[in-house]
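# Per-entry structural report
As a plain string of letters, each chain reads:
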Number of protein chains: 2
Amino acid sequence: MSTRAGIVVTGTEVLSGWITDRNGPWVSARLADLGVDVVHLTVCGDRPADLLAQLRFLASEGVDLIVTTGGLGPTADDLTVATVAEFLDRPLEQDPAMRQTIETVIRTWRQVPDGIALPSSLEAAIDKQALVPLGAQAIPPSGTAPGVAVPSSDTLPAVLVLPGPPHELQAMWPVAVRTAPIVDAIAGRVLHEQKTIRAYGLSEPDLAVTLLDAESEVPDLADVEVTTCMRGGELEIVSRFDGHAANIYNRLQDLLLARHGERIFSTDASTIDDVLVGRLNGRTIATAESCTGGLVAARFTDRAGSSAYMLGGVVSYSNDVKTGVLGVPAELIDRLGAVSEPVAAAMADGAREVIGSDIAVSTTGIAGPGGERPGKPVGTVCFGLSIAGRETITVTRQFPGDRDSVRRLATTAALHMIARALEDG
Amino acid sequence: MSTRAGIVVTGTEVLSGWITDRNGPWVSARLADLGVDVVHLTVCGDRPADLLAQLRFLASEGVDLIVTTGGLGPTADDLTVATVAEFLDRPLEQDPAMRQTIETVIRTWRQVPDGIALPSSLEAAIDKQALVPLGAQAIPPSGTAPGVAVPSSDTLPAVLVLPGPPHELQAMWPVAVRTAPIVDAIAGRVLHEQKTIRAYGLSEPDLAVTLLDAESEVPDLADVEVTTCMRGGELEIVSRFDGHAANIYNRLQDLLLARHGERIFSTDASTIDDVLVGRLNGRTIATAESCTGGLVAARFTDRAGSSAYMLGGVVSYSNDVKTGVLGVPAELIDRLGAVSEPVAAAMADGAREVIGSDIAVSTTGIAGPGGERPGKPVGTVCFGLSIAGRETITVTRQFPGDRDSVRRLATTAALHMIARALEDG
């Protein structure tokens, strides 16, 4: 009997699609880490009636825990705590200690020393934010808004109320899950093992065939819950199982490696970025980008400490930059076009030369819309890889989808091209 | 009486937070464009019982239309259509025309000519995907999975079933909303005017004060629904109103411009990217990036046709690249550090020189974690802007949040710095 949870994300800006919700996915993943099974995620705007309806729906689904995000601000339209109190039929009461904490935060933030009165509007805001449902535990704010943990009752689930700003929510999480109401609510959880295998160039249908065979080749495979997810050209195979099924999982993994070892680049959940950095092995890297326009360099530099191996790159969007900065022969571009393997090779060699790195990767392609050439439809991307002491290699790929899709798939492909080349050191 | 809709996003990978849902926000925004009021968005995994529960919840909330995304694949765990049929109590029946369409798609895709039998597994998959609830209208696939539009009944809402891959869903949308079941379902919608104002460097509290004053200065302001949303340092002010309230909105906009005109960069929903491109006015641009590591270049090049003005850039992550490629005096870096305005200026001038553009922008900063220097905490970013025939200008900013946040805020700041400088031509 596992512990089941629901997540309620509040905010008109999320419901309306103006901003991408970062809290729901984050909380869902953290709950999974805790062994809690998330069964529903709902998003509502700023109408209390809609929030109340979603809370009641989740309760009717028999979840043990509801986590809400957002709606804790000082303004009148931030009604999550009041609505949760109504849902749980618990009156709101002021938490004096929490009120003091919030006032201290506000005074520090607004630089109003003790003794000097705060504007009445601020006093009212602090009063509001210090209200918690009767019997609930307030969680100290990481911004100005405290969280709230309400214990479950015979008929209602426990509720964890968290702030909307992702950095506030994430800072509060470790404390929140250690509060008595939440510890009690998830006490019945089953800690699953979770293993993630990542493959590149493996299709879901091909994997489906293997998984079908596995059902006959691996006894009790049903004890391992396998979920697959294709994203950015990478196929993610996530398996969840109880400890006793570890040997069953191992047999599945062996079968996957036997069938698709060529395409599997990670069996320990590490990303291609992790794998690539591990294989650099002290070597430095540079980029020469046309169609990806900086995305490959941005991908390399989004990791803390990347300056240890990422020296830099050139975005050679115009042909003049390809020739002038990277030294690609103009004659090559005139004769074969900028989207060609020889140009990709010259770009990579040029970047390694200009930047002074051990390795350089290049992209030149047609992200679209439009720009196709005879024999080079939209989605055509040529890659070059120049490694000190080796012959420069090139490849041409076709990517589906719109401009954004082509650029992102090409960026991921560039990382895999390097990682594959460095596989044997 | 407006038309109300609910959205159900299916997929364990979304519910589990492994991938970011792109369909819910997109569909929500499109429904708003149609004048339909989205009241609930729910996400469920691949368990039919959970999907059924969410459909029943939305129906109990009295929505006129439910849009589902995902779960239309050929595999056994893609159960959206069957579950929707159960929810609506309509038997599934084969749509012969649609079956033929799907088979043709598959034969073309797998290159199996007519007359040659398909593998039985594929036949079964086609049979499954050609099933539609009785009385429903199938929508031709943009990939392999057809959509389904089911008319409303006296007791149940209309349901629009759409595929999960965003490009398939988006390609199908224009056809889907013109099907009789959907046209009927949203016939009662109220078309609202929607106006979006965007500001940079304006805080929500400061705007709140202005909106409070507006309530007394602008009669009947209540007829205009104003929502504000802060993202990436930009404050978005969205107003919705019926046609008759246009003059009320105009008075609000006048007040906002009078109070915050300096900070408002768009009153017609155009983004800073749009504004900047408009102000380039034929001039070419280049980038020199350190801490943003390619994000500014990627931002410039993510627009179709950007090659008309974006020539390229240099990601000068290491100091050697700053000096060697961009010609930043090593002495400057030694004396002032790489994160300094003189270095930012030299980077911008160097990029304009090397790339041969009319304009170049540069970023050098401390994205963190770690790397702070005396007087230069994590989040410090220096910008340089070099424009032909003008004195190069620089600025230093402080950005909050983690590495990703600092890099994104700095990227947006770079665009605003250029747009502001080109405001007067």
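Quick caveat, the model's predicted, so the values are computed rather than measured.

Here is what the cut-offs are and how they apply
- Residues numbered from 1 in each chain as written.
- Chains lettered and ligands numbered in written order.
- Predicted model: local features only at pLDDT ≥ 70, side-chain atom pairs only at ≥ 80, totals over all residues.
- Heavy atoms only, no water.
- Domains from an automatic or database assignment.
- Contact = heavy atoms within 4.5 Å.
- Buried area = accessible area lost by both parts, 1.4 Å probe.
- Salt bridge = Lys/Arg side-chain N within 4 Å of Asp/Glu carboxyl O.
- Helix = DSSP H or I, 4+ residues; strand = E, 2+ residues; numbered from the N terminus.
- Core = buried A, V, L, I, M, F, W, Y, C linked by side-chain atoms within 4.5 Å.
- Buried < 20%, exposed > 50% of the residue type's maximum accessible area, 1.4 Å probe, protein only.
- Disulfide = S-S within 2.5 Å.
- UniProt positions renumbered as here; feature names shortened; annotations may be inferred.

### Regarding the domain arrangement of chain A
Residue and element names in this part refer to chain A. Domains assigned within chain A are domain 1 (4–185), domain 2 (193–269) and domain 3 (273–424). The interface is formed by 8 residues belonging to domain 2 together with 7 residues belonging to domain 3. Taken over both partners, the interface formed by domain 2 and domain 3 buries close to 630 Å², and the fraction arising from carbon and sulfur atoms is 49%. Where domain 2 meets domain 3, there are 1 salt bridge. A salt bridge links Arg420 to Glu262; the nearest nitrogen and oxygen atoms lie 3.8 Å apart.

### Concerning the environment of Met347(B)
Residues and elements named next belong to chain B. With respect to the helices, strands and loops of the structure, Met347 is situated in helix H15 (residues 341–355). As a C-alpha pair, Met347 and Phe383 span 36 residues in sequence and 9.3 Å in three-dimensional space. If sequence neighbours within four positions are ignored, Met347 has contacts with Ala288, Glu289, Ser290, Ser316, Lys322, Leu326, Val328, Ser362, Thr363 and Thr364.

### So, the nonpolar core
Formed by 65 residues in total, the largest nonpolar core has its most connected members in Ile66(A), Val159(A), Ile66(B), Phe87(B) and Val159(B). The element best represented in this core is helix H3 (residues 48–60) of chain B, accounting for 7 residues. Not counting the four nearest positions on each side in its chain, Ile66(A) is found in contact with Gly6(A), Val8(A), Leu55(A), Leu58(A), Ala59(A), Phe87(A), Pro157(A), Ala158(A), Val159(A) and Leu160(A). With 55 residues, the next largest nonpolar core counts Val27(A), Val36(A), Leu65(A) and Val67(A) among its residues.

### Focus on the state of the cysteines
Summed over all chains, the structure comprises 0 disulfides over all chains. No disulfide involves Cys44(A); its sulfur sits 16 Å from that of Cys229(B), the nearest cysteine.

### Some details on the UniProt feature "domain: MoaB/Mog" (unreviewed entry) in chain A
Feature annotation in UniProt assigns "domain: MoaB/Mog" (unreviewed entry) to the following positions: residues 6–183 of chain A. Between the end C-alpha atoms of residues 6–183 of chain A the distance is 16 Å, and the span holds 43% helix and 21% strand.

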